[in-house]
Amino acid sequence: MKKTDQVKHRICISKIKRRTIQPYDVFQWTKFYEDNHTFFNVYSNIPIQLNEEELLICSTVIDFNNYSILTTQKLITSEHGCIESGLIMHAENGRYGNFKGHGNENFTFGKIILENEKTLKYFIETGKASMIMVYGVKTLIQIT
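Residues numbered from 1 in each chain as written. Predicted model: local features only at pLDDT ≥ 70, side-chain atom pairs only at ≥ 80, totals over all residues. Heavy atoms only, no water.

## A short note on the pattern of salt bridges
And step 1. Scanning the model with the defined rule gives four salt bridges in all.
And step 2. In this structure, glutamate 34 engages lysine 17 in a salt bridge whose closest nitrogen and oxygen atoms are separated by 2.7 Å. Of this pair, glutamate 34 sits in the loop between β1 (30–32) and α2 (36–42) while lysine 17 sits in helix α1 (residues 5–19); the two residues are 17 residues apart in sequence, bridging distant segments of the chain.
And step 3. In this structure glutamate 34 comes out as partly exposed when scored by relative accessible area, which is 47%.
And step 4. Lysine 121 is the salt-bridge partner of glutamate 79, the closest N and O atoms lying 3.0 Å from each other. In this pair, glutamate 79 sits in strand β4 (residues 74–79) while lysine 121 sits in strand β8 (residues 119–125), placing the two residues 42 residues apart along the sequence.
And step 5. A relative accessible area of 26% places glutamate 79 in the partly exposed class. (Salt bridge = Lys/Arg side-chain N within 4 Å of Asp/Glu carboxyl O. Helix = DSSP H or I, 4+ residues; strand = E, 2+ residues; numbered from the N terminus. Buried < 20%, exposed > 50% of the residue type's maximum accessible area, 1.4 Å probe, protein only.)

What follows is the structure in structure tokens.
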């Protein structure tokens, strides 16, 4: 049975909360979203299009040219202003990069492999914040 966007959102947010050390709102770039309004209130300058039922799960927004956003249907990454995106359906987890932050790196890249075999990178803030993007992406791929 196909899961609705609301069910996917609820499962992903629950998994993120179980795997991320509180408090959740202290991370520099990474956040998860209980509703779409929270994202658009903060990042109104980021031009993303959502389908009617599509919900925002989490994001790492370094600045308006460098960000990754996970929705219940797709992953969107802008690196140096170059935007790429791909549908999560039939995607596979790739690598998570150095998400523990060894070497004083503030961010790293995770990767997923899309249905067409294309690799799509996404930003991961290192340290404790990394669990938000790692488990958001991982969980969504598992349940889709």
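Once the structure has been displayed, the description carries forward.
## A word on the packing of aromatic side chains
And step 1. Scanning the model with the defined rule gives eight aromatic pairs in all.
And step 2. A centroid spacing of 5.2 Å and a plane angle of 45 degrees characterise the contact between phenylalanine 39 and tyrosine 43, whose relative ring orientation is tilted.
And step 3. For phenylalanine 39, a relative accessible area of 0% puts it in the buried group.
And step 4. According to the relative accessible area criterion, tyrosine 43 is buried, its value standing at 10%.
And step 5. Aromatic pair phenylalanine 107 and phenylalanine 109: ring centres 6.0 Å apart, planes at 85 degrees, arrangement edge-to-face.
And step 6. The exposure class assigned to phenylalanine 107 is partly exposed, which follows from its relative accessible area of 33%.
And step 7. Cluster of aromatic residues (ring-pair linked, three or more members): Trp29, Phe107, Phe109 and Phe123.
And step 8. Sitting over the face of the ring of phenylalanine 109, lysine 121 holds its NZ or CZ atom 4.1 Å from the ring centroid. (Phe/Tyr/Trp six-rings, centres within 6.5 Å; stacked < 30°, edge-to-face > 60°. Lys NZ or Arg CZ within 6 Å of the ring centre and 35° of its normal.)

Worth remembering: the numbers are spatial, not functional.
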